[in-house]
Amino acid sequence: MAEAHQAVAFQFTITPEGIDLQLSYQALNQIYLSGVRSWKKRVSRMRNSVIKGVYPASPSSWLFVAIGILATMYMQSDPSMGLIAKIQQHLPLSLHMSLSAQGQTMVSALVFSTLLWLSLILALRFCLKLLLSYHQWMFEKHGHISNTTKVWVVSIVSASLLCFWFEHAFREDESSPLQT
């Protein structure tokens, strides 16, 4: 029974002298720590779902695309062929009031970069799905490789190298094979 009394975080009893409240700070601390652990797991699950959701790219590759778009705009070139100006026209009115023209252009460029990054991810997923659904190589005669299969092999190798680059090129840890 002693363990059951230790598990109770607080007790109160009503006596003729008033309410008697007894708090177990150790039990309350354990309840607090379990809540912290729960939120850490929830954040970790959310982070993993974001990383899985943008496969075959990594979230840090978005930064590469955004910097590329902003750098080309800095050199007075429009990589979006007018889409950034269209996005800027359709920004909410609250952003028009609070941001300068340069700030509005930056927000529009970041929106365009995000849309470009997501469209590249969807295109890569579609290409991977098409490449991995090819099964004619199994039905070819031994020693004879058709031109379609040769193109498929080259495409698979290039796609795997591209996915490897997207996955590992922006990592900063020591285990990355691309660091020197």
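Since the model is a prediction, treat every value here as computed from it, not as a measurement. (Residues numbered from 1 in each chain as written. Predicted model: local features only at pLDDT ≥ 70, side-chain atom pairs only at ≥ 80, totals over all residues. Heavy atoms only, no water.)

Engineer: Before we move on, can you summarise the overall build of the protein chain with the specific residues and values?
Structural biologist: The secondary structure content of the protein chain amounts to 7 helices and 2 strands. Along its sequence from the N terminus, the protein chain presents helices and strands in the succession α-β-β-α-α-α-α-α-α. Scored against the burial criterion, the 180 residues of the protein chain give a buried share of 19%. By sequence separation, contacts in the protein chain at least 24 residues apart represent 51% of the contacts at least 6 residues apart. Split by element, the accessible area of the protein chain, about 14100 Å² in all, is 67% carbon and sulfur. (Helix = DSSP H or I, 4+ residues; strand = E, 2+ residues; numbered from the N terminus. Buried < 20%, exposed > 50% of the residue type's maximum accessible area, 1.4 Å probe, protein only. Contact = heavy atoms within 4.5 Å. Areas by Shrake-Rupley, 256 points an atom, 1.4 Å probe, with all protein chains shown as cover.)

Engineer: How would you sum up a positive patch on the surface? Please name residues and give values.
Structural biologist: Together, Arg37, Lys41, Arg42 and Arg45 give the surface a local cluster of positive charge. Mapped onto the elements, Arg42 comes out in helix H2 (residues 25–53). (Patch = residues over 30% accessible without salt bridge, like charges linked within 9 Å, V, L, I, M, F, W, Y side chains within 5 Å. Salt bridge = Lys/Arg side-chain N within 4 Å of Asp/Glu carboxyl O. Lys, Arg positive; Asp, Glu negative; His and termini not counted. Charge placed at Lys NZ, Arg CZ, Asp CG, Glu CD.)

Engineer: A description of the packing of aromatic side chains should follow, citing residues and the corresponding values.
Structural biologist: Applying the stated criterion across every chain yields a total of 1 aromatic pair. Aromatic side chains Tyr134 and Trp152 sit 5.3 Å apart centroid to centroid with 45° between the ring planes, which places their arrangement in the tilted category. Of this pair, Tyr134 sits in the loop between helix H6 (101–132) and helix H7 (147–168) while Trp152 sits in helix H7; the two residues are 18 residues apart in sequence, bridging distant segments of the chain. Considered together, Tyr134 and Trp152 belong to a single accessibility category, that of buried residues. Over the ring of Trp39 we find Arg42, and its NZ or CZ is 4.6 Å from the ring centre. (Phe/Tyr/Trp six-rings, centres within 6.5 Å; stacked < 30°, edge-to-face > 60°. Lys NZ or Arg CZ within 6 Å of the ring centre and 35° of its normal.)

Engineer: Please give an account of the nonpolar core that cites residues and values.
Structural biologist: Listed in full, the 10 residues of the largest apolar core are Val54, Ala57, Val65, Ile69, Ile84, Ile87, Ala109, Phe112, Trp117 and Ile121. For this core, the elements supplying multiple residues, two or more each, are helix H3 (59–74), helix H4 (83–89) and H6. Ranked by residue count, the leading element in this core is H6, at 4 residues. Non-local contacts of Ile69, meaning those with residues more than four positions away in its chain, are made with Pro79, Ile84, Ala109, Phe112, Ser113 and Leu116. The next biggest cluster of nonpolar side chains, apart from the first, holds 5 residues, and it includes Leu128, Leu131, Tyr134 and Ala159. (Core = buried A, V, L, I, M, F, W, Y, C linked by side-chain atoms within 4.5 Å.)

Engineer: Give me the packing of H3 against H6: which residues, what numbers.
Structural biologist: For the pair H3 and H6, interaxial distance at closest approach is 9 Å and the crossing angle is 130°. By the angle between their axes, H3 is oblique relative to H6. Judged by the sense of rotation from one axis to the other, the crossing of H3 with H6 is right-handed. Residues Pro59, Ser61, Trp62, Val65, Ala66, Ile69, Leu70 and Met73 of H3 form the contact with H6, whose own contacting residues are Thr105, Met106, Ala109, Leu110, Phe112, Ser113, Thr114, Leu116 and Trp117. Of the residues assigned to the contact of H3 with H6, the class counts are 13 nonpolar, 4 polar and no charged. (Axes fitted to C-alpha atoms, helices over the stretch in contact; angles between N-to-C directions. Parallel < 35°, antiparallel > 145°, perpendicular 65-115°, else oblique. Left-handed = near helix turned anticlockwise from the far one by under 90°. Nonpolar A, V, L, I, M, F, W, Y, C, P; charged D, E, K, R; others polar.)

Engineer: Give a detailed account of the UniProt feature "transmembrane region" (unreviewed entry) in the protein chain, specifying residues and quantitative values.
Structural biologist: UniProt's feature table lists "transmembrane region" (unreviewed entry) at residues 54–75, 106–128 and 149–170, given in the numbering used throughout. Taken end to end, residues 54–75 is 73% helix and 0% strand, and its two terminal C-alpha atoms sit 29 Å from one another. Taken end to end, residues 106–128 is 100% helix and 0% strand, and its first and last C-alpha atoms sit 33 Å apart. (UniProt positions renumbered as here; feature names shortened; annotations may be inferred.)

Engineer: Describe the confidence of the model for the protein chain, naming the residues involved and giving the relevant values.
Structural biologist: Low-pLDDT portions of the prediction should not be read for the details of their coordinates. With 83% of its residues at a pLDDT of 70 or more, the protein chain shows a mean pLDDT of 80. Mean pLDDT per element in the protein chain: helix H1 (residues 2–7) is the minimum at 55, and H2 is the maximum at 88. (pLDDT = per-residue confidence, 0-100.)

Engineer: I'd like to hear about the side chain of Ser146, residue by residue, with values.
Structural biologist: One can find Ser146 in the loop between H6 and H7. A residue is classified by how much of its surface remains accessible, and Ser146, at 19% relative accessible area, is buried. Side chain to side chain, Ser146 and Glu140 meet in a polar contact 2.6 Å long. (Polar contact = N/O pair within 3.5 Å; in protein donor to acceptor, adjacent residues only side chain to side chain.)

Engineer: Could you give me a rundown of a nonpolar patch on the surface, with the residues and numbers involved?
Structural biologist: Together, Leu21, Leu23, Tyr25, Leu28 and Ile31 give the surface a local cluster of nonpolar side chains, amounting to about 520 Å² of exposed area. Mapped onto the nonpolar patch, the elements with two or more residues apiece are strand E2 (18–23) and H2. Within the fold, Leu28 resides in helix H2.

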